[in-house]
Amino acid sequence: MFPLGLPPDWTAAREELREAMVRAGWKPDSVADAELALYELFINAWRHGGSPAPVVVVVVLDRLLRVSVSDGSPLPPIPRNSADPYEMSGRGLQLVRHLTTRFGTDARSSGKSVWFELDSAA
């Protein structure tokens, strides 16, 4: 199931995200949504982007949160639209799309950065 071994520890990235959002006054439900979206992008960067330690950047500006996860693969993520409810994977990007306000991909000189944004209702 994990061709690269065990997934990297995402604890520091999750804590940075949570602390930034709590300091900015975000609601707990929004924090939980952002944590889940971060986890999906982090695991995708490791599993599909081949990064043993994906780079995470968290930015909170006023009422906007932007989280980006970078890996070394230039290939953009490909959302799958499986109708099979018993598939074990393949719904991560759909989940990110539904949990966040916006998400996308930016090409980098060595790889890509997949990001999402949330607008605060706080």
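Residues numbered from 1 in each chain as written. Predicted model: local features only at pLDDT ≥ 70, side-chain atom pairs only at ≥ 80, totals over all residues. Heavy atoms only, no water.

### Quick notes on the side chain of glutamate 117
Here glutamate 117 shows up in strand E4 (residues 111-119). Looking at glutamate 117, its side chain comes within polar contact range of the side chain of arginine 102, at 2.6 Å. What glutamate 117 contacts, discounting residues up to four positions off in sequence, is Leu64, Leu65, Arg66, Thr100, Thr101 and Arg102. (Helix = DSSP H or I, 4+ residues; strand = E, 2+ residues; numbered from the N terminus. Polar contact = N/O pair within 3.5 Å; in protein donor to acceptor, adjacent residues only side chain to side chain. Contact = heavy atoms within 4.5 Å.)

### Digging into the packing of helix H2 (residues 28-47) against helix H3 (residues 92-99)
Where H2 meets H3, the closest approach of the two axes is 9 Å, and the angle between their N-to-C directions is 150°. Judged by the inter-axis angle, H2 sits roughly antiparallel to H3. Note that H2 runs across H3; the crossing there is left-handed. Facing H2, whose interface residues are Asp33, Leu36, Ala37, Glu40, Leu41 and Asn44, H3 presents Gly92, Leu93, Leu95, Val96 and Leu99. Broken down by class, the residue content of the contact of H2 with H3 amounts to 7 nonpolar, 2 polar and 2 charged. (Axes fitted to C-alpha atoms, helices over the stretch in contact; angles between N-to-C directions. Parallel < 35°, antiparallel > 145°, perpendicular 65-115°, else oblique. Left-handed = near helix turned anticlockwise from the far one by under 90°. Nonpolar A, V, L, I, M, F, W, Y, C, P; charged D, E, K, R; others polar.)

### Details of the sheet that holds E4
Here we have 4 strands laid out as an open sheet, ordered E1-E2-E4-E3, and antiparallel in their pairing. In this open sheet, the two strands that pair with only one neighbour each are strand E1 (55-61) and strand E3 (102-108). For this sheet, the mean inter-axis angle between neighbouring strands, taken without regard to orientation, is 20°. Note: E3 against E4, 7 bridges, orientation antiparallel. The residue of E4 that forms the bridge with alanine 107 is lysine 112. Of the strands in this sheet, E1, strand E2 (64-71) and E4 are in contact with helix H1 (residues 11-23), which crosses E1 at around 0°. (Pairing = 2+ DSSP bridges.)

### Quick word on the pairing of E1
Note that E1 and E2 share 7 bridges and pair antiparallel. Across the sheet, residue leucine 61 finds its bridge partner in E2, namely leucine 64. The hairpin formed by E1 and E2 contains 2 residues between the paired strands, and aspartate 62 there has a positive phi angle of roughly 55°.

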